Amino acid sequence: MQTWIFFVFIAQFIWAICSLIDKNVISKGYLTNPLVYIILNGVSNLSLFLLLPFFHFSPLSLMDFLAALASSALAFVGVILYYEAVKYEEISRITMLYPFTPLFVIILSFFFLNESLSMYRLFGFALLIAAGLIAAYHKSKKMFRLNKSFYLMIGSTFSIAIAYITAKHVFTVTDFWSGVLWLRLTGFSAFLVLIIPSVRRDFARTFKNMKNKIKGLLGFKVTIDAAAFVISDYAILLGPVSLVAALSNAAAPLFTFTLALIATFYLPDFVREDTHKENIEAKLIALLFIIIGIIFINL
């Protein structure tokens, strides 16, 4: 196994845990405004200032700094849309829509990074996209429909795809740790939402009324989330950006579905999945497509 694949799996397993926490705090109403949640991500990024004394921090040109800023801002847009989608759908179905990210990455990397892909890998990507569509469908009154979360995730994955491309550029113009720090420290863009008076009020009210155990849960989440970002950035440095994106967005639903099922049976008050036969079968078919897709993109 190539090293970058190992790091992709570690990052996605951590993010699967984060996804279950996201679903819990959002579905139970602890955080109702996605913009309030995104401020926590900004806090976790700024905490990386503590690493500055331990690593050489190379400066960036103005254009490269703007690329890092764009990557962080677009990642936050993608996360905001993801948080909104979580309100309307099971977390396992949401993560099965992640494979749309590599589709957008393929198109963008072809034009901007001159990356080429074999027919095997293109077929693998097609299977991943098919898996996302299967997971998005709901059988209702003998008709299939796409709900609001599907369209929110299209916007989310497109934003994240551009963030992947711009992040790859940053790593090509500076060393790894400088790239990590620039991409995370530009996360101050998350705090721009505090310009909105209603967001400031929601932020203050939310955390004033929140129980300490939920604050602790969110603190744990942003900590491991920040660690996963560093691990994922290292995978982007080591591997082709289109393949890193593909494998990341294929592994995510596999880990999330597995953990969500375990939580449904052993921690039903935390996260609960629909375990009706038809829904489980649809998810398993989608996961099968994802696994086969992973095989093809590694041929």
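Here's a quick rundown of the structure. (Residues numbered from 1 in each chain as written. Predicted model: local features only at pLDDT ≥ 70, side-chain atom pairs only at ≥ 80, totals over all residues. Heavy atoms only, no water.)

Observations regarding the overall build of the protein chain
Then comes step 1: Looking only at helices and strands, the protein chain features 12 helices and two strands.
Then comes step 2: Going residue by residue from the N terminus, the α and β elements of the protein chain occur as α-α-α-α-α-α-β-β-α-α-α-α-α-α.
Then comes step 3: When each of the 299 residues of the protein chain is scored for burial, the buried share is 53%.
Then comes step 4: Contacts in the protein chain between residues at least 24 apart in sequence constitute 87% of all its contacts with a sequence separation of at least 6. (Helix = DSSP H or I, 4+ residues; strand = E, 2+ residues; numbered from the N terminus. Buried < 20%, exposed > 50% of the residue type's maximum accessible area, 1.4 Å probe, protein only. Contact = heavy atoms within 4.5 Å.)

Observations regarding the pattern of salt bridges
Then comes step 1: For the structure shown, the criterion picks out six salt bridges.
Then comes step 2: With a shortest N-O distance of 3.0 Å, Glu-90 and Arg-93 are connected by a salt bridge.
Then comes step 3: Connected through shared salt-bridge partners, Glu-89, Glu-90, Arg-93 and Lys-283 make up one network. (Salt bridge = Lys/Arg side-chain N within 4 Å of Asp/Glu carboxyl O.)

Let's talk about the environment of Ile-134
Then comes step 1: Within the secondary structure, Ile-134 sits in helix 6 (residues 119-136).
Then comes step 2: In sequence terms Ile-134 and Leu-287 are 153 residues apart; their C-alpha atoms lie 9.6 Å from each other.
Then comes step 3: Leaving out residues up to four positions away in the same chain, Ile-134 has contacts with Ala-282, Ile-285, Ala-286 and Phe-289.

Observations regarding the packing of aromatic side chains
Then comes step 1: Under the counting rule described, the total for this entry stands at 11 aromatic pairs.
Then comes step 2: Aromatic side chains Phe-176 and Tyr-234 sit 4.8 Å apart centroid to centroid with 70 degrees between the ring planes, which places their arrangement in the edge-to-face category. Highlighted residues: Phe-176 in helix 8 (residues 176-185) and Tyr-234 in helix 10 (residues 212-238), separated in sequence by 58 residues.
Then comes step 3: Owing to a relative accessible area of 12%, Phe-176 belongs among the buried residues under this scheme.
Then comes step 4: Judged by its relative accessible area of 29%, Tyr-234 falls in the partly exposed class.
Then comes step 5: Feature note: the residues Phe-6, Phe-7, Phe-171, Phe-176 and Tyr-234 constitute an aromatic cluster, connected by ring pairs. (Phe/Tyr/Trp six-rings, centres within 6.5 Å; stacked < 30°, edge-to-face > 60°.)

Overview of empty space enclosed by the protein
Then comes step 1: Tallied over the full model, the rule gives three cavities of 30 Å³ or more.
Then comes step 2: If you add up the space inside the largest cavity, you get close to 630 Å³.
Then comes step 3: Surrounding the largest cavity, 35 residues form its lining, Trp-15, Val-79, Ile-160, Tyr-164 and Phe-229 being those nearest its centre.
Then comes step 4: If you list the elements that add at least two residues to the lining of the largest cavity, you get helix 1 (3-27), helix 3 (62-86), helix 7 (148-173), helix 8, helix 10 and helix 11 (241-266).
Then comes step 5: No other element matches helix 3, which puts seven residues into the lining of the largest cavity. (1 Å grid on protein atoms, 1.4 Å probe; cavity = no way out; pocket = protein on both sides within 12 Å on 5 of 7 lines; lining within 4 Å. Points joined across faces, edges and corners; volume = space filled by probe spheres on them.)

Some details on the nonpolar core
Then comes step 1: Counting 79 residues, the largest nonpolar core has Val-25, Leu-31, Tyr-37, Tyr-82 and Leu-218 as the members making the most contacts within it.
Then comes step 2: Setting aside chain neighbours within four positions, we find Leu-218 in contact with Val-25, Leu-31, Tyr-37, Leu-40, Phe-207 and Met-210.
Then comes step 3: Counting seven residues, the second-largest nonpolar core is a separate cluster that includes Ile-14, Trp-15, Ile-224 and Ile-231. (Core = buried A, V, L, I, M, F, W, Y, C linked by side-chain atoms within 4.5 Å.)

Let's talk about a nonpolar patch on the surface
Then comes step 1: A cluster of nonpolar side chains, namely Leu-103, Ile-107, Phe-110 and Phe-111, defines an oily patch on the protein surface of about 420 Å² accessible area.
Then comes step 2: Among the structural elements, Leu-103 can be located in helix 5 (residues 100-112). (Patch = residues over 30% accessible without salt bridge, like charges linked within 9 Å, V, L, I, M, F, W, Y side chains within 5 Å. Areas by Shrake-Rupley, 256 points an atom, 1.4 Å probe, with all protein chains shown as cover.)

Some remarks on the environment of Tyr-98
Then comes step 1: Relative to the elements of secondary structure, Tyr-98 occurs in the loop between helix 4 (91-95) and helix 5.
Then comes step 2: With 152 residues separating them along the chain, Tyr-98 and Ala-250 place their C-alpha atoms 7.2 Å apart.
Then comes step 3: Setting aside chain neighbours within four positions, we find Tyr-98 in contact with Ser-19, Tyr-82, Met-153, Thr-157, Asn-249 and Ala-252.

Looking at the packing of helix 7 against helix 8
Then comes step 1: Direction vectors running N to C along helix 7 and helix 8 enclose 140 degrees, while the axes themselves pass 8 Å from each other. What the angle tells us is that helix 7 and helix 8 run oblique. For the crossing formed where helix 7 meets helix 8, the hand is right-handed. Contact residues: helix 7 offers Ala-167, Val-170 and Phe-171, while helix 8 offers Phe-176, Gly-179, Val-180 and Leu-183.
Then comes step 2: Residues that form the contact of helix 7 with helix 8 fall into these classes: six nonpolar, one polar and no charged. (Axes fitted to C-alpha atoms, helices over the stretch in contact; angles between N-to-C directions. Parallel < 35°, antiparallel > 145°, perpendicular 65-115°, else oblique. Left-handed = near helix turned anticlockwise from the far one by under 90°. Nonpolar A, V, L, I, M, F, W, Y, C, P; charged D, E, K, R; others polar.)

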